[in-house]
Amino acid sequence: MMKSRSRWVYMLLMLLIGAFHILPFYLLFTTSFKPIDDLSSKWVLPETWNPDNFKNAWEQANMGSAFINNLVITAISLVFVVILGALAGYPLARVQTRLNKWVYNLFVSAMVVPPLTILVPLYKLVADLGGMNTYWAVILLHVTFQLPLSIFLFTGFIQTIPRELEEAAMVDGASRLGLFFRIIFPLLKPITATVMILTGIGVWNDYQFSVFFLQSSESQTLTVALSTFFSQYVSNVGWVAAGSLLSALPPIVLFLFLQKYFIRGLASGAVKG
Amino acid sequence: MEVGGVLNREKQTERLAGMVGRNKRLHPSAWLNLLYVPALVLFAVFILYPFFKGIQVSFTNWDGYSQTFSWIGLDNYRRMINDPNIGTVIENTLIYGVCSTVFQNIIGLAYALLLNQSVKGRGIVRTIVYLPVIVSPLIMGYIWYFFFQLQGGALNDVVQLFGNQPVNFLDDPKWNVWIITFVNTYQYVGIAMVIYMAGLQSISKEYYEAAELDGASGRQRFWHITLPLLMPAITVNIVLNLIGGLKLFDVIMALTKGGPGYASQSISTMMFKVYFASQDAGYAAALGNLMFVLISVFSLVALTYLRRREVA
């Protein structure tokens, strides 16, 4: 008796939580399909589903080139964060000297430093190097600030791989570096997935670096293009909603397909800390 | 060939040393340390160097683009103390940091406990709660802007439905700081929930069975088993959320740009304003350093305090 009643309470609570958390997405969805002369409440579904907002947002906000910028910056950053992170994690996990302990702590403590705190000197540095509005500068910054987490995760993971594996291969005469690429690297797949997901979301969604270092219209990423668009057309809610939905779609779709990896990766990465 | 020979000798020494971790002489595998040099170089160039440069700039009146500047000692910090807005700004930053953390952890734990029950549909609810984590905080801000805005805002439609005048939530200092805290909480409560769910699943069922045999009530079980054994997850969540809230930037820019005036400004958005709108790089650098100290102190204190309470 009691059991089934509490079951209903749970179901009801879950329904409420689900409805509450889907609400902003629902409102975004209805708004993005309404033409500008449709003044009905955002709660109401549009009378006619009008895809023009998406076309207009895409053209007016220059989203085509912003999409390409996002893709290039995210993809190259990912490659470097994974390779440099895995390489750094190997000696930090295997060569346990006082120096390496210190280096490891240095990297890990860098996770706490928000790039914004050193914005002024960073801006000057990038300007002096001629990196304003370039891919390479913003990629280097992304890689630098994503690396600490990547190194932290890779080091932790490599420590769980039994050393016997390498010792056996070493007796067979494999070099230490070859060992890393042939034996360790293939074992890193699960943690590499985690690093790619965390880094990918961080870089794709970035606003803080992009807004400072990618200001020209050709180099803008999605968030910057969207913020410019937003301040220009704030009264034209349908366009802005459509633009927001378009930029958020790729990570959302990826998440819905790879959900298991997203959640598992995040939980394992965080709890180990 | 040469290199191969060196490597072979390396391996022999290593085998002789019996793979001992700590060695008085150079570690036999010390050359492997070369593998972290690229990461270290990036770290030095883009974090360490700017960090010290930032301390230096904060002692100048540099405007952010001129070739010249003069040293003005601690003037920027004196200005900070006397700034009539600094009180509001620090208070806001602490609200964003501390209150978001409190909300995210209480709600995240509640969600985790609820969704840990085997009820149909919990997977979908978990997905929905987690979804905002994937979305850019800037876009999240815009989405909620449509909810809270004055003209045609979804919330104001409800307000008017009950015959009241629409409220300018985002321009009202009574509301907007809390709206920003709410949006930040809403967006990242999913992370807290997932970490707590993992924590809950790692607690062995035997503890609960033993407690039940001893006649412990549900509340007792929560306070004496669940909570103490969740301490590692609590530590991670609190530290993560503190850092995230204290450095909050995108959501504020999307919802209010820190306005009206300084009403919802945090240190991060104030720094942005001082640097780009007022060309006051020296002062902006000083604000950056204040933010760094604030975040380091808060996360270190929280970490040491909470770590001590974890069950070994």
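Quick notes on the rules
- Residues numbered from 1 in each chain as written.
- Chains lettered and ligands numbered in written order.
- Predicted model: local features only at pLDDT ≥ 70, side-chain atom pairs only at ≥ 80, totals over all residues.
- Heavy atoms only, no water.
- UniProt positions renumbered as here; feature names shortened; annotations may be inferred.
- Helix = DSSP H or I, 4+ residues; strand = E, 2+ residues; numbered from the N terminus.
- Rg over C-alpha atoms; globule rule 2.2 N^0.38 Å.
- Contact = heavy atoms within 4.5 Å.
- Areas by Shrake-Rupley, 256 points an atom, 1.4 Å probe, with all protein chains shown as cover.
- Lys, Arg positive; Asp, Glu negative; His and termini not counted.
- Charge placed at Lys NZ, Arg CZ, Asp CG, Glu CD.
- Buried area = accessible area lost by both parts, 1.4 Å probe.
- Salt bridge = Lys/Arg side-chain N within 4 Å of Asp/Glu carboxyl O.
- Polar contact = N/O pair within 3.5 Å; in protein donor to acceptor, adjacent residues only side chain to side chain.
- Nonpolar A, V, L, I, M, F, W, Y, C, P; charged D, E, K, R; others polar.
- Axes fitted to C-alpha atoms, helices over the stretch in contact; angles between N-to-C directions.
- Parallel < 35°, antiparallel > 145°, perpendicular 65-115°, else oblique.
- Expected span 1.5 Å × (residues − 1).
- Buried < 20%, exposed > 50% of the residue type's maximum accessible area, 1.4 Å probe, protein only.
- Left-handed = near helix turned anticlockwise from the far one by under 90°.

In the annotation of an unreviewed UniProt entry, the entry for chain B reads Raffinose/stachyose/melibiose transport system permease protein, and the organism field reads Lihuaxuella thermophila. One UniProt comment on chain B, placed under Subcellular location (unreviewed entry), says "Cell membrane". The UniProt entry for chain B carries this comment under Sequence similarities (unreviewed entry): "Belongs to the binding-protein-dependent transport system permease family."

An unreviewed UniProt entry annotates chain A as Raffinose/stachyose/melibiose transport system permease protein originating from Lihuaxuella thermophila.

Engineer: Report on the overall build of chain B, specifying residues and quantitative values.
Structural biologist: Within chain B, the secondary structure is distributed over 14 helices and 0 strands. Helices (α) and strands (β) of chain B occur, in sequence order from the N terminus, as α-α-α-α-α-α-α-α-α-α-α-α-α-α. Against the globule reference of 20 Å for 312 residues, chain B gives a C-alpha radius of gyration of 26 Å, more extended than a compact globule. Viewed in the frame of its principal axes, chain B has a C-alpha envelope of about 85 × 75 × 35 Å. Long-range pairs, those at least 24 residues apart, make up 66% of the contacts in chain B between residues at least 6 apart in sequence. Total accessible area computed for chain B in this model is approximately 15,100 Å², and 63% of it derives from carbon and sulfur atoms. Between the mean site of the 22 positive side-chain charges and the mean site of the 17 negative ones, chain B shows a separation of 8 Å.

Engineer: Before we move on, could you go through the interface of chain B and chain A and cite the residues and values that matter?
Structural biologist: In this assembly, 94 residues from chain B lie in contact with 89 residues from chain A. Roughly 8,500 Å² of surface becomes buried between chain B and chain A when both sides are summed, with 80% attributable to carbon and sulfur atoms. Of all residues in chain B, Phe46, Ile134 and Phe146 of chain B give up the largest surface area on contact with chain A, accounting jointly for 9% of the area buried on that side. Taken together, chain B and chain A are joined by 0 salt bridges. Between the two partners, chain B and chain A, sit 9 residue pairs in polar contact (both at pLDDT 80 or more). A per-element tally of the side of chain B that touches chain A places helix 2 (residues 37-57) of chain B first, with 14 residues. Considering only residue class, the side of chain B that touches chain A consists of 66 nonpolar, 17 polar and 11 charged.

Engineer: Give a detailed account of the packing of helix 10 (residues 218-229) of chain B against helix 11 (residues 231-246) of chain B, specifying residues and quantitative values.
Structural biologist: All names here are of chain B. Between helix 10 and helix 11, the shortest axis-to-axis distance is 5 Å and the interhelical angle comes to 55°. Relative to helix 11, the element helix 10 lies oblique. Taken together, the residues of helix 11 that come into contact with helix 10 (itself represented by Leu227, Pro228 and Leu229) are Met231, Pro232 and Ile234. Split into classes, the residues belonging to the contact of helix 10 with helix 11 amount to 6 nonpolar, no polar and no charged.

Engineer: Tell me about the side chain of Thr31 of chain A, and please be specific about residues and values.
Structural biologist: Residue and element names in this part refer to chain A. Summarising the element assignment, Thr31 is placed in helix 1 (residues 2-32). Side-chain polar atoms of Thr31 contact the backbone oxygen of Leu27, separated by 2.5 Å. Excluding anything up to four places from it in sequence, Thr31 contacts Lys42, Asn53, Val237, Gly238 and Ala241.

Engineer: Quick rundown of the UniProt feature "transmembrane region" (unreviewed entry) in chain A? Include the residues and the values.
Structural biologist: All names here are of chain A. UniProt records the feature "transmembrane region" (unreviewed entry) for residues 7-29, 67-90, 102-123, 135-158, 179-204 and 237-258 in the present numbering. Structurally, residues 102-123 comprises 59% helix and 0% strand, and the distance from its first C-alpha atom to its last is 29 Å. When the span residues 135-158 is considered, its composition is 100% helix and 0% strand, and the gap between its end C-alpha atoms is 32 Å.

Engineer: Give me the lowdown on helix 8 (residues 173-201) of chain B, citing residues and values where you can.
Structural biologist: The end-to-end C-alpha distance of helix 8 of chain B is 42 Å, a good match for the 42 Å that 29 residues give at a rise of 1.5 Å each. Among the 29 residues of helix 8 of chain B, 21 are classified as buried, and the element is accordingly described as predominantly covered.

Engineer: So what's going on with the pattern of salt bridges? Residues and values would help.
Structural biologist: Tallied over the full model, the rule gives 3 salt bridges over all chains. Here Lys124 of chain A and Asp128 of chain A are joined by a salt bridge, their closest N and O atoms 3.0 Å apart. Remark: Asp128 of chain A and Lys124 of chain A occur in helix 5 (residues 119-128); sequence separation between them is 4 residues, near one turn of the helix. By relative accessible area, Asp128 of chain A is classed as exposed at 56%. Between Asp75 of chain B and Arg78 of chain B there is a salt bridge, and its shortest N-O distance comes to 2.7 Å. Pair noted here: Asp75 of chain B and Arg78 of chain B are both in helix 3 (residues 75-82), with a separation of 3 residues, about one helical turn. Classification of Asp75 of chain B by relative accessible area gives partly exposed; the value is 35%.

Engineer: Tell me about the UniProt feature "transmembrane region" (unreviewed entry) in chain B, and please be specific about residues and values.
Structural biologist: Residues and elements named next belong to chain B. Mapped onto this numbering, the UniProt entry gives "transmembrane region" (unreviewed entry) at residues 31-52, 94-115, 127-147, 177-200, 221-243 and 281-306. Helix and strand shares over residues 31-52 are 73% and 0% respectively, and the end C-alpha atoms of the span are 29 Å apart. When the span residues 177-200 is considered, its composition is 100% helix and 0% strand, and the gap between its end C-alpha atoms is 33 Å.

Engineer: Provide a residue-level description of the UniProt feature "domain: ABC transmembrane type-1" (unreviewed entry) in chain B, including the pertinent values.
Structural biologist: Mapped onto this numbering, the UniProt entry gives "domain: ABC transmembrane type-1" (unreviewed entry) at residues 90-302 of chain B. For the annotated span residues 90-302 of chain B, helix accounts for 77% and strand for 0% of the residues, and the straight-line distance between the end C-alpha atoms is 19 Å.

Engineer: Could you give an account of the packing of helix 12 (residues 237-257) of chain A against helix 5 (residues 122-134) of chain B, with specific residues and numbers?
Structural biologist: In contact at an axis separation of 10 Å, helix 12 of chain A and helix 5 of chain B are set at 140° when each is read in the N-to-C sense. Viewed along their axes, helix 12 of chain A and helix 5 of chain B adopt a mutual orientation that is oblique. Here the hand of the crossing between helix 12 of chain A and helix 5 of chain B comes out right-handed. Counting all contacts with helix 12 of chain A, which are made through Pro251, Ile252, Phe255 and Leu256 of chain A, the residues of helix 5 of chain B involved are Thr127, Tyr130, Leu131 and Ile134 of chain B.

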